[in-house]
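Commentary on secondary and tertiary structure
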Amino acid sequence: MIDGKRVVETFLDYVQIDSETHHEHEMTARLVADLKALGLAVTTDEAGKAADSDGANVYCHIDGDPSSDCILFSSHMDTVTPGKGIRPQIRDGYIYSDGTTVLGADDKSGVAAIMEALRALLESGVPHRPIDILFTIREEGGLNGSANVDYSRLKAKYGVVLDASNDVGKIVSSAPGQIRIYADIYGKRAHAGSDPEKGVSAIQAAAVAVSNMKLQRIDEETTANIGTLSCVGETNVVQDHVVFAAETRSKNQEKLEAQAAHMVSCLQAACDTFGARLEYRLHHSYRSYSLPENHPHVQRMMQACRQVGCDPWLTYTGGGTDGNHFNAHGIETAVLACGMEYEHTTGERVSIQNLQDAAKVVYTLMLPDEH
């Protein structure tokens, strides 16, 4: 069974291994070593080359009861900044950083829970499902590690990603897709005092384009936001280059594509009006997914939560996780909360109870249905 003290020790150990996104080499090596120490066959890939990381995705498959569906458990090993030199502290039933860095519970709470469940399972010797384990790099900033997974190595039909905030019991069963829009608007430089009519203001074209865009909350399923609108120059020059970066998200793929097309159309129309030139590209970051409450995998996750004393509840998130990519590749996946709070801040924390409960839920889900 789950060793509550050990899962905490594992977490404390892991968060002290520096693994800011792009720099997961040491954490990759540690996870490979820990899995091999359990007598398991482990492989890595070349995802770091495509994902701009010195680390690699870590894969492990464990054969099990052939009458049960294979299940995937996954968490990402990278953290946001500031994530170097993390010094965890325990007080009042929670684990914190020392306040100068993030804690790294996002997502090493998930990594530690999976490792503890796996150790407990192998120690128990009880029958279990076929299991895929996948620890990813570069989740932060765009799900880059899971975008470059070698999916031919995975056998799972269902997946559980441990990467959500709040108490164990929260299950994210649907999430939006995302398209990012990157654009350059080119005008024509001219002296703003003596010959402004000879210029084409890229700033003016961009401003009109943005003013015509539907942004922020579009409807109950769709959002849009501009992250960058940049041009720096002197006031006496009609500026000829603006950089634009934006995103749209939606649970509905048709709405997602329509909103992206609308934003590009606004950019193009404004450029045409003022005689500017538009260059743009769309990056389809990830697709949406939605598993209904009566989905057998969702029901199994809810039952596992109940078995360990956690009240399950389903929710929708406005953000993406590696689960988006897994669903897009045919692995029906939901995301389980693993107790992280105030993630991406130096006030990040996780409760010891949640760490232990997450490991218990994972362990329960590793067992065949009859258990």
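Described below are features of the structure shown in this document. (Residues numbered from 1 in each chain as written. Predicted model: local features only at pLDDT ≥ 70, side-chain atom pairs only at ≥ 80, totals over all residues. Heavy atoms only, no water.)

1. Looking at the nonpolar core
Among the nonpolar cores identified, the biggest contains 68 residues, and F73, I133 and F135 are the most heavily contacted of them. Among the elements that make up this core, the one with the highest residue count is helix α4 (residues 105–124) (ten residues). Setting aside residues no more than four positions away along its own chain, I133 makes contact with V58, Y59, C60, I62, L72, F73, I114, L118 and M366. Core analysis: the second largest hydrophobic core is formed by 24 residues, A205, V242, M263 and C271 among them. (Core = buried A, V, L, I, M, F, W, Y, C linked by side-chain atoms within 4.5 Å. Buried < 20%, exposed > 50% of the residue type's maximum accessible area, 1.4 Å probe, protein only. Helix = DSSP H or I, 4+ residues; strand = E, 2+ residues; numbered from the N terminus. Contact = heavy atoms within 4.5 Å.)

2. Here's the deal with the pattern of salt bridges
According to the stated counting rule, one finds 18 salt bridges in the structure shown. Taking the shortest distance from any N to any O, the salt bridge between D13 and R30 comes out at 2.4 Å. Remark: R30 occurs in helix α2 (residues 25–37) and D13 occurs in helix α1 (residues 4–15); sequence separation between them is 17 residues. Of the residues examined, D13 reaches a relative accessible area of 31% and is grouped as partly exposed. With its nearest N and O atoms 2.4 Å apart, the salt bridge here joins R129 to D369. Placement of R129 in the loop between α4 and β6 (131–136) and of D369 in the segment after α10 (352–366) is noted, with a sequence separation of 240 residues between them. According to the relative accessible area criterion, R129 is buried, its value standing at 2%. (Salt bridge = Lys/Arg side-chain N within 4 Å of Asp/Glu carboxyl O.)

3. A closer look at helix α6 (residues 202–211)
For α6, the full list of buried residues reads A202, A205, A206 and A209. For α6, the angular spread of the buried residues around the axis is 95°, confining them to a single face. (Arc of directions from axis to C-beta.)

4. Regarding helix α8 (residues 296–307)
The terminal C-alpha atoms of α8 lie 16 Å apart, and with twelve residues this matches the ideal 16 Å at 1.5 Å per residue to within 8%. Next to the buried residues of α8 lie β3 (71–76), β7 (158–165), β8 (170–175), β17 (313–316), β18 (332–341) and α10. (Expected span 1.5 Å × (residues − 1).)

5. As for the side chain of H325
Relative to the helices and strands, H325 resides in helix α9 (residues 322–328). Using a relative accessible area of 9% as the deciding quantity, one classes H325 as buried.

6. Digging into the packing of aromatic side chains
Any pair of aromatic rings gets described here by the distance separating the centres and the angle formed by the planes. This structure, assessed with the given rule, holds two aromatic pairs. Between Y151 and F326 the ring centres are 6.3 Å apart and the planes differ by 70°, which places this aromatic pair in the edge-to-face class. Residue Y151 is found in the loop between α5 (144–147) and β7, and its partner F326 is found in helix α9; the two are separated by 175 residues along the sequence. Each member of the pair Y151 and F326 is classed as buried. (Phe/Tyr/Trp six-rings, centres within 6.5 Å; stacked < 30°, edge-to-face > 60°.)

7. Examining the environment of A260
Take A260: it is sitting in helix α7 (residues 253–274). Classification of A260 as buried rests on a relative accessible area of 1%. Distance in space between the C-alpha atoms of A260 and K5 is 49 Å, their sequence separation being 255 residues. Ignoring sequence-local partners within four residues, the contact set of A260 consists of I179, I181 and T248.

8. Some points on the state of the cysteines
For the coordinates displayed, the defined rule picks out zero disulfides. You can see C266 has no disulfide; the closest cysteine sulfur is in C271, sitting 11 Å from it. (Disulfide = S-S within 2.5 Å.)

9. Structural notes on the pairing of strand β11 (residues 216–219)
Relative to strand β12 (residues 222–230), β11 runs antiparallel, the two being bridged by three bridges. Residue pairing for β12: D219 is matched across the bridge by T222. Where β11 hands over to β12, the hairpin turn is made up of two residues, counted between the paired strands. (Pairing = 2+ DSSP bridges.)

10. A look at unusual backbone geometry
The peptide bond linking T81 to P82 adopts the cis configuration, its omega dihedral lying at -5°. Secondary-structure assignment places P82 in the loop between β3 and β4 (89–91). Note the cis peptide between D106 and D107, where omega equals 15°. Phi at D52 takes a positive value of approximately 60°, unusual for a residue other than glycine. Here D52 is to be found in the loop between α3 (47–51) and β2 (58–62). On the basis of relative accessibility, which here comes to 52%, the residue D52 falls in the exposed class.

11. Looking at the sheet that holds β11
Strands sit in the order β11-β12-β14-β9-β15 across an open sheet of five strands; the sheet is antiparallel. Two strands close off the open sheet at either side, each with one partner strand: β11 and β15 (277–286). For this sheet the average axis-to-axis angle between neighbouring strands, irrespective of direction, equals 20°. Pairing geometry for strand β9 (residues 177–186) and β15, over nine bridges, is antiparallel. Directly across from Q178, in β15, lies its bridge partner Y286. Set on the sheet, α6 makes contact with β9, β12 and β14 (241–250); between it and β14 the angle comes to about 20°. (Axes fitted to C-alpha atoms, helices over the stretch in contact; angles between N-to-C directions.)

All quantities given are derived from atomic positions and should not be read as evidence of function.
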